[in-house]
Amino acid sequence: MTIKPPLKRIEAKEKLPVAIIGGGLAGLTAARTLHDAGRPFILFEAADKLAGLAVSFKDEEGFSYDFGAHFITNRLADEVGIGSECLTVKSYGERVWLGGKSYSYPFGLMAVPRMSVSGLRAKLGGSNGEDRNARDWFSRRYGNALAEEIALPLIEAWSGAGADELAPSVGDSLPGSILKTLYLKAAAKITRRAVGCGYSRELSENAGVYHVYPKNGVSEICTKLAEGLADHIKLKTPISEIHVENGRVVSVRSGDKEFPVSAVISTAPANILAKLVTGTDALKEVANFRFRPMIFVNLKLSGRGHLPDTVMWLPEKKFSFFRLTEATLSMPWLAPAGKTIITVDIGAEKTDPVWSISDDELVEMCLDGMAELIPNVRELYLGHNVLKTPISYPVFLKDYEEARRRFERSTGIDNLLSIGRNGEFAHIFMEDVFVRTRRKVTELISKEAAVAIDA
Ligand SMILES: Cc1cc2nc3c(=O)[nH]c(=O)nc-3n(C[C@H](O)[C@H](O)[C@H](O)COP(=O)(O)OP(=O)(O)OC[C@H]3O[C@@H](n4cnc5c(N)ncnc54)[C@H](O)[C@@H]3O)c2cc1C
């Protein structure tokens, strides 16, 4: 005998749409997944356009700006269907500026005797024992010299917190073994493509996975995912409340409108999501999670190749910035011929004076600091563009590490998913956002179908 599920009730539950909060890469991936599964949904986006963080800006002089050297993998581009619309990134390298000299990362640093000796000592000492904080994690794996002179000052500038206050899990976002890095770097040299290294955690990294850049800017990936979904998308509709009853989300609110929903998939920053939820305390601790704000000063310069590699890390405290990126070395099309852009990353809290000084003062500060690396930088300077984001990197404080780990597993509310970079409170790139979102949304669909059958 076959037992038929109570079809009417399933239909009634599934007729209610899933609310997706946010129209960046994660929200649109969720929308596409629900659409392909034939599930009703409404995507609410607070801004007047889609793409969220995945935006590019182009000015009238032909300079393009992203958040950093913003590229994706050929694998993600193919999966979304924009592979043929992308340009191949031919090379990408990182260096560290220390004591007036630049060292390639990681191998140039390994040739510095004090770094290699203390690294070897750390390896021989083993990494057993419990790491109490980020300082322990880095010292045990890389040795004191590399940890104290490079890794920790960078992490402190990047997060705005001391190495002793940060959880050891900060280290989890770094690329894998030296051997793997060596293989990927060699593959990049041979194939003359920027083979991904330390970019993907969900899928394998190998010689066939390299960086590409959509011809019309990174937002192209969101445009493609949104194709044919316009009827389900509401722009300029910020969600101000997610209402929970008996442990389940029942509705969301925007302005004076209430929308009954079967589930919510949120891509809003985790700490903001926690403040939107009413009717439960499940996300109380998540409201304390902190993100690091960031200022990006894009300097337009004449000439090109002012940095020896695309990215230069600056761990020394005398600099008011911690990273310089000359993205045109990897992606020449981002500036007109014979010109370049160097992006200066400044980590700051919104209460720090540097957050509110004028753009001209920021530029002065950057040019002053950069003169050590590029002595004639003032003569090369053509103009600037400043971008600021209050939410750039998740800060893994020890204070809320246990709550973060719980949140990593679940929001504590069955039909509420928190996904995407800021939604998951995870330092992940677009390919991982895409892969994780698809997996989590698929799981939600089957879980909710099971709930409907049980009801
Ligand atoms: C400095 C920097 C450099 C990066 N470089 C790279 C790179 O080179 N390569 C790469 O792959 N990735 C990079 N990333 C990461 C990448 O940008 C993100 O992983 C990805 O864009 C995140 O997409 P998302 O949808 O999770 O979030 P978002 O893009 O932030 O989208 C969230 C959306 O939700 C909306 N929203 C928020 N609250 C509400 C609300 N209450 N109601 C309605 N809408 C709301 C927002 O307006 C936004 O549009 C970088 C990130 C940063 C910060």
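The coordinates are above.
Here the residue numbers are simple positions, counted from 1 along each chain's written sequence. Totals for whole chains, interfaces and linings use all residues, but because this is a predicted model, local features are given only for residues with pLDDT of at least 70 and pairs of side-chain atoms are given and counted only at 80 or more. Only hydrogens and water are set aside; all other atoms, that is, all heavy atoms of the structure, feed into the side-chain values.

Asker: Can you break down the pairing of strand E1 (residues 18–21) residue by residue, with the values?
Answerer: Remark: a regular strand shows side chains that alternate across the two faces of the sheet. The classification of residues rests on relative accessible area computed with a 1.4 Å probe and restricted to protein chains. Under 20% of the type maximum is buried, over 50% is exposed, and intermediate values are partly exposed. By definition, any uninterrupted DSSP run of H or I lasting at least four residues is a helix, any uninterrupted run of E lasting at least two residues is a strand, and each is numbered from the N terminus. Both faces of E1 are covered, namely the face carrying Val-18 and Ile-20 and the face carrying Ala-19 and Ile-21. At least two bridges found by DSSP between two strands are what make those strands a pair. Bridge count for E1 against strand E2 (residues 41–44) is four bridges, and the pairing is parallel. From the neighbouring strand, Ala-19 faces E2, where its bridge partner is Ile-42. Regarding topology, helix H2 (residues 25–36) serves as the crossover connection from E1 to the parallel E2, and that connection is right-handed. Seen with the strands pointing away from the viewer, any crossover whose path from the first strand over the helix to the second strand runs clockwise is right-handed.

Asker: Give a description of the site of the ligand that names residues and reports values.
Answerer: Nearness of a residue to a molecule or strand requires only that one of the residue's heavy atoms be within 4 Å of it. With respect to spatial proximity, 34 residues lie near the ligand, and among them Glu-45, Leu-53, Phe-71, Tyr-199 and Met-430 are the closest. Between the ligand and Phe-71, the relevant distance is 2.7 Å, taken from a nitrogen atom to a main-chain nitrogen or oxygen of the residue. By the criterion applied in these results, polar contacts are pairs of N or O atoms within 3.5 Å in which, for protein atoms, one can donate a hydrogen and the other can accept it, and in which residues neighboring in sequence qualify only through two side-chain atoms. Within the backbone of Arg-421, a nitrogen or oxygen atom sits 2.9 Å from an oxygen atom of the ligand. Of all the secondary-structure elements, those providing two or more residues to the shell around the ligand are H2, strand E20 (381–395), helix H15 (421–424) and helix H16 (430–454). As a working rule, the residues Ala, Val, Leu, Ile, Met, Phe, Trp, Tyr, Cys and Pro are called nonpolar, Asp, Glu, Lys and Arg charged, and the rest polar, with Gly in that last group. In terms of residue class, the shell around the ligand is built from 22 nonpolar, ten polar and two charged. Domains are outlined according to an automatic or database domain assignment. In this structure, the shell around the ligand is formed jointly by two domains, domain 1 (7–52 + 219–289 + 397–454) and domain 2 (57–92 + 290–395), each of which donates at least three residues.

Asker: Lay out the nonpolar core with the relevant residues and their values.
Answerer: As used in this record, nonpolar core signifies buried Ala, Val, Leu, Ile, Met, Phe, Trp, Tyr and Cys residues forming a set joined through side-chain atoms within 4.5 Å. One finds Ile-72, Phe-138, Ile-242, Val-252, Val-264, Ile-265 and Leu-283 to be the most contacted residues of the largest nonpolar core, which totals 110 residues. Taken domain by domain, the makeup of this core includes at least three residues from each of domain 1 (7–52 + 219–289 + 397–454) and domain 2 (57–92 + 290–395). Counting 27 residues, the second-largest nonpolar core is a separate cluster that includes Val-297, Ile-346, Trp-355 and Val-363.

Asker: Please set out the pattern of salt bridges residue by residue, giving values where relevant.
Answerer: Just to be clear on terms, a salt bridge is a Lys or Arg side-chain nitrogen sitting within 4 Å of an Asp or Glu carboxyl oxygen. With the rule as written, the count across this model stands at 29 salt bridges. Of the charged contacts in the structure, one is a salt bridge between Asp-136 and Arg-132, with a shortest N-O distance of 2.8 Å. Asp-136 sits in the buried class, given a relative accessible area of 9%. Between Arg-378 and Asp-368 there is a salt bridge; the shortest N-O distance is 2.7 Å. Residue Arg-378 is found in helix H13 (residues 377–380), and its partner Asp-368 is found in helix H12 (residues 359–370); the two are separated by ten residues along the sequence. Its relative accessible area of 53% is what places Asp-368 among the exposed residues. Each of Glu-202, Glu-424, Arg-436, Arg-439 and Lys-440 takes part in one network of salt bridges that share partners.

Asker: Can you explain the sheet that holds E2? Please cite residues and give values.
Answerer: Strand order in the open sheet formed by five strands is E10-E2-E1-E14-E21, and the pairing between neighbours is parallel. Bordering the open sheet on either side are strand E10 (233–234) and strand E21 (416–418), each of which pairs with just one other strand. Where strand E14 (residues 263–266) lies against E21, three bridges are found, and the strand directions are parallel. Within E21, the residue paired with Ile-265 across the bridge is Leu-417. Relative to the sheet, H2 contacts E1, E2, E10 and E14, its axis offset from that of E2 by approximately 170°. In this description, contact between two residues means that some pair of their heavy atoms is separated by no more than 4.5 Å. Only the stretch in contact is used when a helix axis is fitted, and all axes are lines through C-alpha atoms; the angle between N-to-C directions ranges over 0 to 180 degrees.

Asker: Requested: an account of the pairing of strand E11 (residues 241–245), with residues and values cited.
Answerer: Only one face of E11 is covered, namely the one carrying Ile-242 and Val-244; the face carrying Glu-241, His-243 and Glu-245 has none of its residues buried. Across five bridges, the pairing between E11 and strand E12 (residues 248–254) is antiparallel. Pairing of Val-244 across the sheet is with Val-249, part of E12. Linking two consecutive strands that pair antiparallel, namely E11 and E12, is a turn of two residues; a positive phi of about 50° is found at Asn-246 within it. Looking at chain direction, E11 and strand E15 (residues 277–278) are connected through two bridges and run parallel. Looking at the pairing, His-243 lines up with Thr-278 of E15.

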